[in-house]
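One letter stands for each residue in the lines below.
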Amino acid sequence: MKKKSRKYQEAASKIEKGKAYTKEEAVKLVKETSITKFDSSVEVAMNLNLDTKKADQQLRGAIVLPKGTGKTNRVLVIAKGDNAKAAVAAGADYVGDQDYLEKIEKENWFEFDTMIATPDMMPLLGKLGRVLGPKGLMPNPKTGTVTTDVAKAVTEAKAGRVEYRTDSYGNIHALIGKVSFSEEDLLANLQAFVSQIIKIKPTTVKGDYIKNISISSTMGPGIKIAINSFDK
C-alpha cells in the first residue's frame, strides 16, 4: 500500500475520523485541506441507495451550476446550416460536421471538453461511439448534448454545466468548483447539485435514498457531510 505524503497526512489530521460535518464546515475544511500548489478542483461524491440493474434507477443528466465550475470548457458542435451559425454566434470553440468527425477518427483529435450535436447528425457519429463513449464525450439527449437548440446548449456548457452519471455501485460525483472559490460560491454549487440529485430520486427506491455525501479537493482527503445538512 502506497504511503500517503506528509502534506496529505497533515491535511487529514484536521478531519475528525467518522464525523459527518455540516455543509458549511465541510466547505471550510475542503479549502483548508487542499495540498496542491495549483488551484485544486473541488468534487462532490454521493453514494445512493440504487439498484442500477433497473433502468429507472440509472441516473444520468446535467446541471448548470449557479457559480460555474472555474474551468474553461472547450465546446465542439456538430451541426449544419442555421444550427451551425447559431453555434458560432453562441460562442462554440469549434463548429462543423463531417470534417471534425474525420479529424477525430483519423488524427485522434480531442481538443475539446464537450461535444454537442443536432439529432440529424447522430447517424454520422455512430461509428465514433467506441472512441467517444469511453471518454464521456458522446452526445446524449439525457445530458442535453443532442438538441436542436444548440445556442442554449453552448451557453450552458460555457456557463458551468456539469454532467453526472451513476456507476454500477450507485456512486455519483461531479466537479463543483475550485479551491479558490469563496465558501459562499462553493456552498451554492454544492447545494444546487445535491438538490438536483434529490429531485430526480426514482419513485421505485425503497428506504433511505442518500447513503453518503462527501467532498474533497484534488489529491486531498475526503470530508463526510451530514445528509440532514441539505435543504430538500
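A few points on the structure. Given the structure is predicted, the values throughout are model-derived calculations rather than measurements.

Calculation notes
Residues numbered from 1 in each chain as written. Predicted model: local features only at pLDDT ≥ 70, side-chain atom pairs only at ≥ 80, totals over all residues. Heavy atoms only, no water. Buried < 20%, exposed > 50% of the residue type's maximum accessible area, 1.4 Å probe, protein only. Helix = DSSP H or I, 4+ residues; strand = E, 2+ residues; numbered from the N terminus. Arc of directions from axis to C-beta. Contact = heavy atoms within 4.5 Å. Pairing = 2+ DSSP bridges. Axes fitted to C-alpha atoms, helices over the stretch in contact; angles between N-to-C directions. Parallel < 35°, antiparallel > 145°, perpendicular 65-115°, else oblique. Left-handed = near helix turned anticlockwise from the far one by under 90°. Phe/Tyr/Trp six-rings, centres within 6.5 Å; stacked < 30°, edge-to-face > 60°. Lys NZ or Arg CZ within 6 Å of the ring centre and 35° of its normal. Polar contact = N/O pair within 3.5 Å; in protein donor to acceptor, adjacent residues only side chain to side chain. Core = buried A, V, L, I, M, F, W, Y, C linked by side-chain atoms within 4.5 Å.

**A closer look at helix H7 (residues 150–159)**
- Every buried residue of H7 is listed here: Val150, Ala153, Val154 and Ala157. Buried positions in H7, seen along its axis, are confined to an arc of 95 degrees and lie on one side of it.
- Along its buried surface, H7 packs onto strand E3 (75–78), helix H3 (81–90), strand E5 (114–117) and strand E6 (161–165).
- Directly beyond the C-terminal end of H7, a positive phi value near 125 degrees is found at glycine 160.

**Points about the sheet that holds strand E4 (residues 94–96)**
- The parallel open sheet is built from 3 strands, whose spatial order is E4-E3-E5. Bordering the open sheet on either side are E4 and E5, each of which pairs with just one other strand. Across this sheet, the average inter-strand angle for adjacent strands is 15 degrees, counted without regard to direction.
- When E3 meets E5, the two strands line up parallel, connected through 4 bridges. The residue of E5 that forms the bridge with valine 75 is threonine 114.
- Sheet contacts for H7: E3 and E5; angle to E3, the most-contacted strand, approximately 165 degrees.

**Here we look at the packing of H3 against H7**
- Axis separation between H3 and H7 bottoms out at 8 Å; the angle between their running directions is 30 degrees. When the interaxial angle is binned, H3 and H7 end up roughly parallel. Where H3 crosses over H7, the two elements pack in a sense that is right-handed. Each of Asn83, Ala86, Ala87 and Ala90 in H3 lies in contact with H7, whose residues at this interface are Val150, Ala151, Val154 and Thr155.

**Some points on helix H2 (residues 23–32)**
- Those residues of H2 that fall on the buried side of the exposure criterion are Lys23, Ala26, Val27, Leu29 and Val30. Down the axis of H2, the smallest arc covering the buried residues is 165 degrees, so these residues share one side.
- Tucked inside the fold, the buried residues of H2 contact strand E1 (41–48), helix H8 (183–199), strand E8 (210–217) and strand E9 (223–224).

**Topic: the packing of aromatic side chains**
- Under the definition given, this model contains 6 aromatic pairs.
- Pairing phenylalanine 110 with phenylalanine 112 gives two aromatic rings, centres 6.1 Å apart and planes at 40 degrees, and the pair type is tilted.
- Among the aromatic residues, ring-to-ring pairing joins Tyr94, Tyr100, Trp109, Phe110 and Phe112 into one connected group.
- The ring of phenylalanine 110 carries the charged tip of lysine 135 above its face, separated from the ring centre by 4.7 Å.

**A closer look at the side chain of asparagine 73**
- Looking at the secondary structure, you find asparagine 73 in the loop between strand E2 (60–64) and E3.
- Here alanine 157 takes part through its backbone oxygen, which lies 2.9 Å from a polar atom of the side chain of asparagine 73.
- Look past the residues within four positions of asparagine 73 in its chain and what remains in contact with it is Asp93, Asp113, Thr114, Ala157 and Lys158.

**Side note on the environment of glycine 70**
- As for its placement among the helices and strands, glycine 70 is situated in the loop between E2 and E3.
- The spacing of glycine 70 and lysine 178 is 108 residues in sequence and 6.1 Å in space, taken between C-alpha atoms.
- Residues within four places of glycine 70 in sequence aside, it is in contact with Lys178 and Phe181.

**Concerning the sheet that holds E1**
- Strand order in the open sheet formed by 4 strands is E7-E1-E8-E9, with antiparallel pairing between adjacent strands. Two strands lie at the open edges of the sheet, namely strand E7 (171–178) and E9, each paired on one side alone.
- Pairing between E8 and E9: 2 bridges, direction antiparallel. What sits directly across from serine 214, in E9, is lysine 224.
- Across the sheet, H2 touches E1, E8 and E9, and the angle it forms with E8 is around 30 degrees.
- Running at roughly 155 degrees to E7, H8 makes contact with E1, E7 and E8 of the sheet.

**What to know about the nonpolar core**
- Formed by 35 residues in total, the largest nonpolar core has its most connected members in Val44, Met46, Leu48, Leu190, Phe193 and Ile215.
- Elements represented by at least two residues in this core include exactly H2, E1, E6, E7, H8 and E8.
- With residues near it in sequence (within four places) discarded, valine 44 still touches Ile172, His173, Ala174, Ile176, Leu190, Phe193, Ile213, Ser214 and Ile215.
- One finds Ile78, Ile104, Trp109 and Leu137 within the second-largest nonpolar core, a separate group that totals 15 residues.

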